[in-house]
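Fold and geometry: a report
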Amino acid sequence: MSDASASHAADRRELTAAQRNAVAELLRVSPVADELGRRFARAGHELHLVGGSVRDALLGRLGDDLDFCTDAHPDETLRIVRGWAESIWETGREFGTIGCQRDGLRLEITTFRAESYDQVSRNPVVEYGTDLAEDLRRRDFTINAMAVSLPEHRFTDPHGGLDDLAAKVIRTPGTPAESFGDDPLRMLRAARFAAQLCFVVHPDAYAAMTRMAGDLDRITAERIRDEFTKLLCGADPITGLRLLVDTGLAERFLPELTGLKLEIDEHAQHKDVYEHTLTVVSNAVSYETEGPDFILRMAALMHDVGKPATKAVGTDGRVSFHHHEVVGARLTKARMKALRYPKETTSKVTALVALHLRFYGYGRGEWTDSAVRRYVADAGDLLSRLHKLTRSDCTTRNRRKAAQLAADYDALEERIARIAAEEDLARVRPDLDGNAIMELLGVPPGPVVGEAWKHLKELRLERGPLDRDEAEAELLRWARDRGL
């Protein structure tokens, strides 16, 4: 058999496996999907399982969220599902989507669309389409432009999505320029699918992404944020991140990442900070135990973004980036705010960036028990993530140095565990609460109580737990010094 024949046979085997996956997955959801299809048919309408649901069925990973398209308009869809669905929501109605739930499955039913952008506005102009072929043609990628008609299970694939799925290629149904022009967010989605599915972007689409990167400026921060979050939480975020930088997309919404390519790491001048950062992200992924952790991954991505602004070259020619963690935390907060991330998420990522260098120097034996307590207290509920980030940040090729850093951090974690066994490090707090402070000093609630509380907490961090008599004596001494 020739190489070409062997390759073709291998592709056929892959397609057959994909089809088998689809059959198994569709059988699982068909009691609900087929029943819904029959309801639409009785009402004189079409219903098709479509898009990501068909793709995931072929990959053997169909979840409990199913996407459908239909020629029925939203009002008609509502009439069909009322009395059958266990719950209904209309949050996507302006885009032609009605959602409902049945037997543990979440179903979203969208009217055929001929959606496009006017090349200026940030939001789509929604127009209802007239048939399935038109709906599939306007979808983002061929792997998302397949449909299964219900209840008869007729498979429709006008753009070769099944072949692209087997070849692991991300390609647009029409020309990339037309597709990305209609919705520039699709360029970011291409990188996201590359990260999630470990697929390759077709050269034509890659070229268009590079040429049209500036069009991403027309998209709202919220939509960019959501796609980027999915990319960073993908199975292969490094591939997605490289696509963003190499095509120029990152420069449009995350220029700090592109900026890292210009810098040199102070510990090993042959290694640029950009490559180091991608390695840290990859390392962080390897430390995850309960699925993708966006906060950890984002902190790994942003931990060195302060280096360009703090770069200095000494008289000996060595490069330094003093206090880059402080600058990096400030830049991280500003960037995540611009991308409309929730304040709590931003706060956690920013704190990790600010703390990521704290460990260095521990191996010199300079840390007291007080320093360890402060490390734990400052990290708070981020301590386990800080452990992972700090270990991920060790990317030196010097095996002896790497082994020493790992041993030093092992020693720190063991020391934290030892002190934690003796004290409640997870909840470091003063030995007297606010009520006890007010009673002992005879003062009402106010600033004095807060100042006293902070003083006692500092003592707690410095000296460890105090007994009641010691804590009261220290509080009274503090009050006398201030003339209270």
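Residues numbered from 1 in each chain as written. Predicted model: local features only at pLDDT ≥ 70, side-chain atom pairs only at ≥ 80, totals over all residues. Heavy atoms only, no water.

1. Some points on the pairing of strand 5 (residues 105-111)
Convention followed: Exposure classes here rest on a 1.4 Å probe applied to the protein chains alone. A residue is buried below 20% of its type maximum, exposed above 50%, and partly exposed in between. A run of DSSP states H or I qualifies as a helix once it reaches four residues; a run of E qualifies as a strand once it reaches two. Both are numbered from the N-terminal end. In short, DSSP must find at least two bridges between two strands for them to pair.
Most of strand 5 is tucked away, with five of its seven residues classed as buried. Note that strand 2 (residues 65-70) and strand 5 share six bridges and pair parallel. Following the sheet pairing, Cys69 is matched in strand 5 by Thr110. Judged from the six bridges that link them, strand 4 (residues 97-102) and strand 5 form a sheet pairing that is antiparallel. In the sheet register, Thr97 faces strand 5, and the bridge partner there is Thr110.

2. Thoughts on the environment of Glu127
Structurally, the position occupied by Glu127 is in the loop between strand 5 and helix 4 (132-137). Taking relative accessible area as the criterion, Glu127 reaches 46% and is therefore assigned partly exposed. For Glu127 and Ala114, which are 13 residues apart along the polypeptide, the C-alpha to C-alpha distance reads 5.3 Å.

3. As for the environment of Asp410
The cut-off we apply is this: Any pair of N or O atoms that falls within 3.5 Å is considered a polar contact. Within protein, one atom must be able to donate a hydrogen and the other to accept it, and sequence-neighbouring residues count only if both atoms are side-chain atoms.
Along the chain, Asp410 turns up in helix 20 (residues 399-422). Side chain to side chain, Asp410 and Arg391 meet in a polar contact 2.7 Å long.

4. Some points on the nonpolar core
Here is the rule we go by: What we call a nonpolar core is a set of buried Ala, Val, Leu, Ile, Met, Phe, Trp, Tyr and Cys residues that are connected through their side-chain atoms within 4.5 Å. Only heavy atoms enter the contact rule, under which two residues are in contact if any of them lie within 4.5 Å.
Within the largest apolar cluster, 105 residues are counted, with the highest numbers of intra-cluster contacts made by Phe68, Phe228, Leu241 and Leu244. The leading source of residues in this core is helix 7 (residues 185-197), at nine residues. Excluding anything up to four places from it in sequence, Phe68 contacts Ala33, Leu36, Leu47, His48, Leu49, Val50, Leu107, Glu108, Ile109, Thr110 and Leu150. Residues Val50, Cys69, Leu132 and Leu136 belong to the second largest nonpolar core, which totals seven residues.

5. Quick look at the side chain of His324
Mapped onto the elements, His324 comes out in helix 16 (residues 324-338). Within polar-contact distance, the side chain of His324 engages the side chain of His356 at 3.4 Å. When residues no more than four places from it in sequence are discounted, the contact partners of His324 are His303, Asp304, Gly306, Lys307, Thr310, His356 and Leu357.

6. Some details on helix 19 (residues 383-392)
Across the ten residues that make up helix 19, a large majority, seven, are buried. Along helix 19, the residues classified as buried are Leu383, Arg385, Leu386, His387, Leu389, Thr390 and Ser392.

7. Side note on the packing of helix 14 (residues 294-302) against helix 17 (residues 343-355)
Any two packed helices are characterised by how steeply their axes cross, that is the angle between the axes, and by the distance between the axes. For the record, the criterion: Axes here mean lines fitted to C-alpha atoms, for a helix over just the part in contact, with angles spanning 0 to 180 degrees between N-to-C directions. Angle categories: roughly parallel below 35 degrees, roughly antiparallel above 145, roughly perpendicular from 65 to 115, and oblique for all the rest. The hand of a helix crossing depends on one turn: near helix anticlockwise from the far one by less than a right angle means left-handed, and clockwise means right-handed. Ten residue types, Ala, Val, Leu, Ile, Met, Phe, Trp, Tyr, Cys and Pro, are classed as nonpolar, four, Asp, Glu, Lys and Arg, as charged, and the remainder, Gly among them, as polar.
Two elements in contact, helix 14 and helix 17, have axes separated by 9 Å at closest approach and are oriented at 45°. Between helix 14 and helix 17, the crossing angle belongs to the class labelled oblique. At the point where helix 14 passes helix 17, the crossing takes the right-handed sense. Contact with helix 14, carried on its side by Phe294, Ile295, Met298, Ala299 and Met302, involves Thr345, Lys348, Val349, Leu352 and Val353 of helix 17 and no other residues of that element. In the contact of helix 14 with helix 17, the residues fall into eight nonpolar, one polar and one charged.

Remember that the coordinates give geometry; whether it matters functionally is a separate question.
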